[in-house]
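Residue-level structure breakdown
The chain contents come next:
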Amino acid sequence: MLKWLLMVPIVFMVNQLHLDFSTGIPAVNVSNILFGLCVAGLLVLKPRHQTAIGRSPLTVPLLLLFGALTLSCVIGMLRQPGDAIEDITYLKNLLFYPLLYFVYRRCGQDEKSTRQLIILVAVVAAVAGLEAVREGLDYGFGNFNETRRASGPFGTDFRDSNRAGVFYAMFMPLFVALALFLRGQKLWRLGAVVGIGLLAIAIMATYSRQSYLIALVCVALLLIRRNVILATLIGILMVPAVGLLPDSVTQRVAETQQQDAVGDEQLDDSTASRFEIWAGAFEMWQDHPLGVGLNRFKRNIGTYVPRYAGYDAHSIYMLTLAETGPLGLGALLLVLASLLWFGASMVRKVPSQDTEGKALTLGFTLMVVAVGLGNAYGSPFYEGPVMGNFWILCGLLEHYVALRQRAAAGVNATAAVISPVHAIGQRFPLASRALPGRYGPAPSAVDEAPPAQALDAPARNE
């Protein structure tokens, strides 16, 4: 029952817009209720397969980030008073989604059920990509049109296509790693290849240039990890393959740099606007070294860049610097660095012969790289539809790796107890009977030490 309860948030997070309805409770949404049900389920049902994973390496960095965001909220409410309920709700939404990681790392499922939950995360990502593919086919891949960009389940129009592209690029390494490193499971590798195809087309349909770059960087790093020669050959083959891409995709990339009336190169309006907004954000921080306050960027950017009044920062790093100051930015960078170290440490913990665990942990590590890159040109870090399943997968993988480690430790312990000599005695009982001192049965863990009474008993005089 608990497994089915844990499946619901995985499906819901990405599809919040499709399943959105009011709870009737102020400042509480459906995601919060599902979170509460999962926590209650863990407390009441008390699953048996808890693993001794100790304190998470992400606990302190996340607490520092939560503290910086809370302080920034207080500063904003004091500096620019407004709707207090709105500010508290905004803060709650920023703090909420990373908490999913702590729930799923303690999900208490056995290895089979944990694997099923991880597969569900991947399937939900692939289905989300399928929705963008359908939108792309409906729009057509002829000439690029800004208003005809796929957004999948992440929005209702082209304004949300960039966050959709980041999500697809973020999950692309997971499928690529499974296709490259999984061994002996042809069906799952075929499924990974299908997922790669869906997400690749979905990324193209979003026309998100940063997502193109993120996907290429992550795939290149995985190919190099797999085989440098293979990566080089694929890179050489991709050069002529660019001509096979839809014209609208190459047109979108070419728009990054344009020529003015006299033929000089200049950035397109979308790219140039970001640099102007970032310059305004930096000036905002200079005027307010502790930050202008949480949820105050859009209210103040017009003072520094009037033409972009009410705009988002289009970079989580510049947004965090402007609203929370160096304390918040440092905490955010610490979280990302801890996530990267956390992913790399899981890769090291997985035995080399465990290709499934190796593929999953490598894929997740590159997902962290994608998260860092995806928030440089946008700010979806705190958005549930984009990041909710990332935090869930983070917790599930930590639990899964711990289960695999425990299983491997049990096998090694059993092998260590039965020595080769005793194994001969078990295999050939006659040898054990003829020479019990040499080929006798191996002592069990209970029989290795004599009883306490025997240790304390005085020696018998014969």
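Preceding block: the structure.
What you see is a predicted model; the values in this text were computed from it and never measured.

For the rest of this paragraph, the subject is the overall build of the protein. Of the regular secondary structure elements, the protein holds 20 helices and 2 strands. The proportion of buried residues among the 462 residues of the protein is 47%. Just so you have it, the protein exposes about 23000 Å², and 65% of that area is on carbon and sulfur atoms.

We now examine the environment of G343. The residue G343 is located in helix α14 (residues 316-349) in this model. On a C-alpha basis, the gap between G343 and G363 in space is 8.9 Å, while along the polypeptide they are 20 residues apart. When sequence neighbours within four positions are dropped, the list of residues in contact with G343 reads T361, F364 and T365.

Right, let's talk about the packing of aromatic side chains for a bit. Tallied over the full model, the rule gives 17 aromatic pairs. Considering the side-chain rings of F364 and F390, the 5.4 Å spacing of their centres and the 15° angle between planes classify their relative orientation as stacked. Of this pair, F364 sits in helix α15 (residues 355-374) while F390 sits in helix α16 (residues 384-417), and the two are 26 residues apart along the sequence. Consider the rings of F390 and W391, whose centres lie 5.5 Å apart with planes at 75°: the pair is edge-to-face. The two residues F390 and W391 agree in class, both being buried. Taking NZ or CZ as reference, K3 lies 5.4 Å from the ring centre of W4, over its face. The lysine or arginine in question, R274, covers the ring of Y377, its NZ or CZ lying 4.1 Å from the ring centre.

The next thing to look at is the nonpolar core. In terms of nonpolar packing, the biggest core is built from 116 residues, with F167, Y168, M170, F171, F381, F390 and W391 touching the most fellow members. W391 has contacts with L62, Y97, P98, L100, Y101, V335, L339 and F381, leaving out every residue within four places of it along the chain.

A few words on unusual backbone geometry. The backbone phi angle of N295 is positive, close to 65°, even though this residue is not glycine. Turning to its location among the elements, N295 is positioned in the loop between α12 (269-287) and α13 (297-304).

Conventions used here
Residues numbered from 1 in each chain as written. Predicted model: local features only at pLDDT ≥ 70, side-chain atom pairs only at ≥ 80, totals over all residues. Heavy atoms only, no water. Helix = DSSP H or I, 4+ residues; strand = E, 2+ residues; numbered from the N terminus. Buried < 20%, exposed > 50% of the residue type's maximum accessible area, 1.4 Å probe, protein only. Areas by Shrake-Rupley, 256 points an atom, 1.4 Å probe, with all protein chains shown as cover. Contact = heavy atoms within 4.5 Å. Phe/Tyr/Trp six-rings, centres within 6.5 Å; stacked < 30°, edge-to-face > 60°. Lys NZ or Arg CZ within 6 Å of the ring centre and 35° of its normal. Core = buried A, V, L, I, M, F, W, Y, C linked by side-chain atoms within 4.5 Å.

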